[in-house]
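Listed below are the residues making up each chain.
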Amino acid sequence: MAIKLVISGCGGRMGSRIASLALADSAFAIGGAIETNGHPSVGQDVGVLLGQQALGVRVTTDAKAAIHAGNVLIEFTRPEATVEHVRLAAQAKIPVVIGTTGLSEAQQAAIAAHGQLVRKHQLHELG
């Protein structure tokens with residue numbers, strides 16, 4: 001079974017590259033794609049956006065719905081959005097890979113706190 005990636009910033013240079021690489025590897029599938037309001041990719045099918053066949057996954061501004069559709073969040077956006085998306089991923093109990101730069105110390109601390117919540121939940125499930 002393929003790991004469903006949720007790619008935040010999928011319309012950007014890094015996000016679209018990650019999505020293309022994911023589509024080329026049978027170990028991965030795209031479960032969700034997030035972009036900001038007003039981005040030209042919003043509403044488009046991710047596969048078509050990447051010049052491939054339609055996947056049935058549309059680029060959305062609804063981060064919560066997109067995150068709940070995947071197994072791992074790949075985050076390449078702005079610091080403010082990254083903190084919010086990590087919070088949503090923590091609620092959904094899915095791991096996050098962050099490539100966002102320019103995070104302040106306070107934002108890094110908020111992200112770390114969300115990570116602690118996920119780890120506590122995982123340990124509780126194992127126990």
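That block above? That's the structure.
Asks: Give a detailed account of the pairing of strand β1 (residues 3-8), specifying residues and quantitative values.
Replies: In the sheet, β1 pairs with strand β2 (residues 28-34) via 6 bridges, with the strands oriented parallel. Residue pairing in the sheet places I3 in a bridge with F28 of β2. Crossover handedness for the path β1 to helix α1 (residues 13-23) to β2: right-handed. Inspection of the sheet shows β1 paired to strand β4 (residues 72-75) by 4 bridges, in the parallel sense. Residue pairing for β4: I7 is matched across the bridge by I74.

Asks: Go over unusual backbone geometry with me, naming the residues and quoting the values.
Replies: Phi angles above zero are rare outside glycine, and K93 is one such case at about 60°. The class for K93 is partly exposed, based on a relative accessible area of 41%.

Definitions and limits used
- Residues numbered from 1 in each chain as written.
- Predicted model: local features only at pLDDT ≥ 70, side-chain atom pairs only at ≥ 80, totals over all residues.
- Heavy atoms only, no water.
- Pairing = 2+ DSSP bridges.
- Helix = DSSP H or I, 4+ residues; strand = E, 2+ residues; numbered from the N terminus.
- Right-handed = clockwise from strand over helix to strand, strands pointing away.
- Buried < 20%, exposed > 50% of the residue type's maximum accessible area, 1.4 Å probe, protein only.

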